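# Coordinates in review
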Amino acid sequence: MNAAEGKSWRNDAHAKVTGRAKFTDDLKFPRLLHAVPVYSDFVHARILRISTEEARKAPGVALVLTAADVPGTNCFGQIIRDYRIFADDKIRFHGDVVAMVVAETRDLAIRAAALVRVEAEPLHAVLDPEEALLPGATLVHEAHGSNLVNTHRIRRGDVAAGFAQADLVIEESFRTQTVEHAYMEPEVAVSVPRPDGVIEVYGSMQHPFSTRRFVCACLGVPLSGVEVVGTPMGGGFGGKDDTAAIVCARTALAAKLLGVPVKMMYRRDWSIRESYKRHPYRVAYKMGVSRDGHITAVQCRILADGGAYCSVTPWVTWRSTVQCCGPYVVENVHCDTYGVYTNNVVAGAMRGFGSPQMNFVVEQMVEIAATRLGISGVEFRRRNMVRQGSVTITGQRLDTHKVAMAEVLDAVLKEIRYEEKLARCSHGRAEGDELYGVGIAMSYRGVSLGAEGVDFCAAIINVQPDGSILLEVGVHENGQGAEAAMSLIAARELGVGLGRIRYRRASTSTVPDSGTTVASRGTIMGGGAVTVAARELKEKIAEAVCGRLGCPKGQVRFDGETICGGPGGGTISFDEAIRIMFQTQCFPYVFGVFRAPRVSWDEHTGQGDAYFTWVYGCQAAELSVNRKTGKVRLLGAVAAHDVGRAVNREMVRGQFFGGMAMSAGYALHEEIRSKDGRITNTNLNTYRIPRAMDLPEMTAIIVENPDPQSPSGAKALGEPTNEILAPAIANAVFHATGRREFSLPIRTMPVPEDEPEEDCRL
Amino acid sequence: MRLHINGRDMEVADSAGERRLINFLRDDLDLTGAKNACDIGACGACTILLDDEPMKICIKRVKDVAGHRVLTIEGMAAPDGTLHPLQQAFVDCGAIQCGFCTPGMILVAHAFLLNQPRPTREQIRKAINGNLCRCTGYQQIIDAIERASVHYQEAQPPAPAPST
């Protein structure tokens with residue numbers, strides 16, 4: 001069974017259902033030692049002394065490392081190098097690692113870790129992002145000069161004039177919470193010193209190339225001295241970039257110093273304590289609307305708490321800025337965005353990347369405006385949403401691809417029978433205790449990195465003498481099925497059976513750095529590279545066999561696995577063609593590169609062609625709210641997304657359902673809670689991700705408008721599915737209770753401050 | 001003490017009884033399908049079956065399973081490698097993404113279907129409620145379990161209607 005027959009296909013499915021798939025912690029090596037991180041209980045403090053003598057003497061301990069043992073650079077970061085492999089001058093948040101203990105077993109390492117002593121001078125902890133910006137605020141990074149990490153802005157049109165034209169001006173404030181990725185596999189890495197001097201790194205991370213950069217910088221060795229090998233990964237969702245790379249670097253350092261393999265497998269509580277999170281936002285939003293239902297102006301201030309280190313806060317908040325008006329045409333926009341340092345847990349990349357927060361705001365604002373104007377939310381959206389040829393708030397004309405906003409909206413409204421159900425909503429009044437509501441939300445989303453950075457990807461197709469094919473692409477398998485998607489795209493473009501293709505798990509030493517597998521860019525960028533490579537291979541085959549076929553190269557045609565000459569000419573099988581190529585040393589080895597079309601950005605005005613293409617999505621939620629307990633029960637959810645082209649349909653549906661589930665958790669359950677800067681819910685019994693019974697039956701509507709700028713036609717899906725169910729739920733809760741929810745997670749009843757953590761273990 | 005794992009009998013020293021079962025299976029027997037993900041029995045990634053009942057083993061000791069039948073994910077497929085129909089259904093329905101929860105999910109579903117070969121989707125949800133998955137939203141896992149239930153029905157025909 002395969003995708004071509006409408007069934008799911010994955011190259012790794014068999015290994016994963018039989019338990020044979022080897023994740024990083026499943027790998028074994030002779031003389032393997034185990035490492036564990038050491039934390040202190042400080043939140044913000046100047047380090048005076050770290051005493052490791054007692055730990056070094058503990059049973060089974062091989063090594064205790066601190067910042068003093070780092071031969072290369074101790075600071076790293078993709079944007080600002082402020083994140084330490086080991087804390088040196090200060091402790092800046094509760095998850096800072098001050099040392100690492102390496103021992104014969106993990107249990108012995110854990111025991112010894114308790115013997116490391118940290119003396120430090122406590123400093124005032126800045127835990128409120130507004131306080132962080134006040135003059136004279138305690139600085140998280142003194143060398144940075146302030147707690148402001150970055151700003152972004154949009155200046156479009158004339159907002160004063162826009163508000164003057166408005167018949168109604170609405171101002172609201174919103175807050176979103178800190179949430180955890182909660183990938184099922186915690187951070188883990190193994191580093192293995194090779195006889196040739198190279199350190200080989202296996203780990204659960206979604207960016208082998210940046211991992212390699214950090215490892216090499218930490219060790220002070222060239223990039224050729226470290227090989228990071230892609231390893232099956234138990235989920236990432238954006239969360240296995242920075243922290244995961246540090247975990248790899250720490251084990252690599254220990255392995256290099258000791259000359260033996262070293263593994264570090266994180267416990268869940270360490271993972272939640274140390275790993276970066278989704279940014280909590282505070283948004284003040286002002287929208288002017290005319291009586292005829294048009295948005296005349298938007299002014300907003302976005303404040304993102306980036307926690308103790310920069311991570312990718314400037315990029316996350318950039319997307320929030322570009323998409324700060326949702327999928328609506330607004331002529332007058334004034335947006336100011338601030339990313340700030342605090343002593344809270346670090347915030348960084350998470351599926352959605354700055355859009356879930358803004359969509360929660362915007363998709364409620366449009367409904368608030370519509371309600372106040374006395375028109376339907378759907379009609380209000382239709383009057384303002386982007387259409388073919390519309391110009392976005394950053395001045396980008398949407399004319400290079402099909403603008404499918406209306407198509408996805410209509411699909412969802414029809415499937416869920418929105419109008420009929422809207423009429424049945426309780427609005428706070430019902431016979432019994434269950435209040436009923438339905439709600440929708442929609443978005444557009446710039447695909448891939450956009451003006452965040454240079455965007456390209458490489459692929460290698462290496463056909464073997466017997467016609468079997470090795471495929472290697474610079475995107476990483478995070479669990480989403482990237483390898484399967486790349487294989488399917490290659491098979492389709494080459495017209496060969498899937499059985500010929502073996503995906504060769506890439507390592508950093510074999511394929512060029514193709515960027516990180518984030519930003520929903522895997523399929524569009526990787527698939528682009530594969531398509532380019534496949535086309536080059538066909539060119540090469542045509543050149544090699546045209547003599548045999550007795551026709552000019554240009555007349556060679558590919559009909560599945562048969563290669564045909566000109567009219568009335570001969571045919572030749574794929575296998576035979578490959579044999580000829582090896583005989584003539586015209587090797588069927590190709591290297592394909594896809595470069596994303598040009599984008600532009602003016603940081604001063606916030607204007608430019610921010611992304612080379614966009615995707616469109618709409619989701620609806622149906623629910624009941626118990627007026628006595630406040631409990632929200634999801635009854636159904638529908639989503640429609642334009643994916644460009646669906647490469648692997650069941651996996652596409654899986655992205656829909658997984659994204660919607662995570663968004664439902666964002667809306668209703670999930671929140672990293674902390675007390676005085678220390679996270680209190682550090683395991684999956686108290687950090688509550690959605691369980692099967694929390695979720696309703698979901699419907700996925702796959703809309704396909706192949707993108708002319710994407711060589712494979714495919715666009716993006718992983719993040720769009722994860723960015724709008726929360727506002728749809730918020731709108732449904734409003735239709736049920738008659739009350740607006742301005743904070744996440746949604747609590748329809750106040751929760752007492754001192755309520756104990758609920759233990760949802762089953 | 002005697003252990004019975006995936007149809008194989010083995011004798012282990014009584015001193016091994018206090019060891020964490022998950023470490024024993026993963027480290028000593030190389031049965032790495034059971035995963036460490038929370039260490040406190042909250043997520044189900046370490047699930048095995050003990051006499052056909054699910055057990056979260058990250059909080060269990062080796063002695064806890066002595067004398068009982070243990071089934072891990074490695075024991076689900078036929079000896080010739082043919083997938084169990086439930087495993088095949090997971091493959092066909094797209095129920096796998098990262099695969100970290102998959103072994104536990106399959107085992108929990110297997111135990112459930114042995115008891116309830118004609119389940120409703122709501123019953124399936126309840127059965128897998130103790131096993132966390134962050135990738136799939138559970139929907140295709142439920143599809144797979146529903147699809148595989150046919151196989152369990154064939155193995156266990158409905159009780160004949162009581163004669164009147």
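What you see is a predicted model, and the numbers here were worked out from it, not measured in a lab. (Residues numbered from 1 in each chain as written. Chains lettered and ligands numbered in written order. Predicted model: local features only at pLDDT ≥ 70, side-chain atom pairs only at ≥ 80, totals over all residues.)

### Overview of the nonpolar core
Residues and elements named next belong to chain A. Formed by 314 residues in total, the largest nonpolar core has its most connected members in V101, V102, A252, V412, I461 and I729. Take this core: its biggest share by element is 13 residues, from helix α15 (residues 522–549). Those residues in contact with A252 that sit more than four places away from it in its chain are S191, I199, V201, V215, C218, L219 and V226. (Core = buried A, V, L, I, M, F, W, Y, C linked by C-beta atoms within 7 Å. Buried ≥ 20, exposed ≤ 12 C-beta atoms within 10 Å, placed from the backbone. Helix = DSSP H or I, 4+ residues; strand = E, 2+ residues; numbered from the N terminus. Contact = placed C-beta atoms within 7 Å.)

### Side note on the sheet that holds strand β24 (residues 571–573) of chain A
Residue and element names in this part refer to chain A. Strand order in the open sheet formed by 3 strands is β22-β23-β24, with antiparallel pairing between adjacent strands. Both outer strands of the open sheet, β22 (557–559) and β24, are each paired with one neighbouring strand and no more. Direction aside, the axes of adjacent strands within the sheet are offset by 30 degrees on average. As paired strands, β22 and strand β23 (residues 562–564) are joined by 3 bridges and run antiparallel to one another. Bridging across to β23, F558 finds its partner in I563. (Pairing = 2+ DSSP bridges. Axes fitted to C-alpha atoms, helices over the stretch in contact; angles between N-to-C directions.)

### Regarding the interface of chain B and chain A
Size of an interface, as often reported, equals the accessible area lost when the parts are brought together. The partner chain A presents 49 residues to the 44 residues of chain B that form the contact. Put simply, the parts of the chain that give the side of chain B that touches chain A at least two residues each are α2 (85–92), α3 (102–115), α4 (121–127) and α5 (139–155) of chain B. The leading source of residues in the side of chain B that touches chain A is α2(B), at 4 residues.

### Observations concerning the domain arrangement of chain B
Residue and element names in this part refer to chain B. Entries for chain B in the domain assignment read domain 1 (2–75) and domain 2 (85–155). Once you take the C-alpha centre of each, domain 1 and domain 2 turn out to be 21 Å apart. Those elements that provide at least two residues to the side of domain 1 that touches domain 2 are β3 (47–50) and β4 (53–56). Sorting elements by how many residues they give to the side of domain 1 that touches domain 2 places β3 first, with 3 residues. For the side of domain 1 that touches domain 2, the residue count by class is 10 nonpolar, 3 polar and 3 charged. (Domains from an automatic or database assignment. Nonpolar A, V, L, I, M, F, W, Y, C, P; charged D, E, K, R; others polar.)

### Some thoughts on the domain arrangement of chain A
Residues and elements named next belong to chain A. Domain annotation of chain A identifies domain 1 (31–123 + 187–265), domain 2 (281–450 + 602–737) and domain 3 (456–595). Centre-to-centre, using C-alpha coordinates, domain 2 lies 38 Å away from domain 3. Taken together, the contact between domain 2 and domain 3 spans 19 residues of the former and 18 residues of the latter. The residue makeup of the side of domain 2 that touches domain 3, split by class, is 11 nonpolar, 6 polar and 2 charged.

### Quick notes on the environment of A:H94
Residues and elements named next belong to chain A. Structurally, H94 can be placed in the loop between β6 (90–91) and β7 (97–103). Looking at H94, the number of C-beta atoms within 10 Å reads 23, which means it is buried. What H94 contacts, discounting residues up to four positions off in sequence, is V43, R273, G677, R678 and I679.

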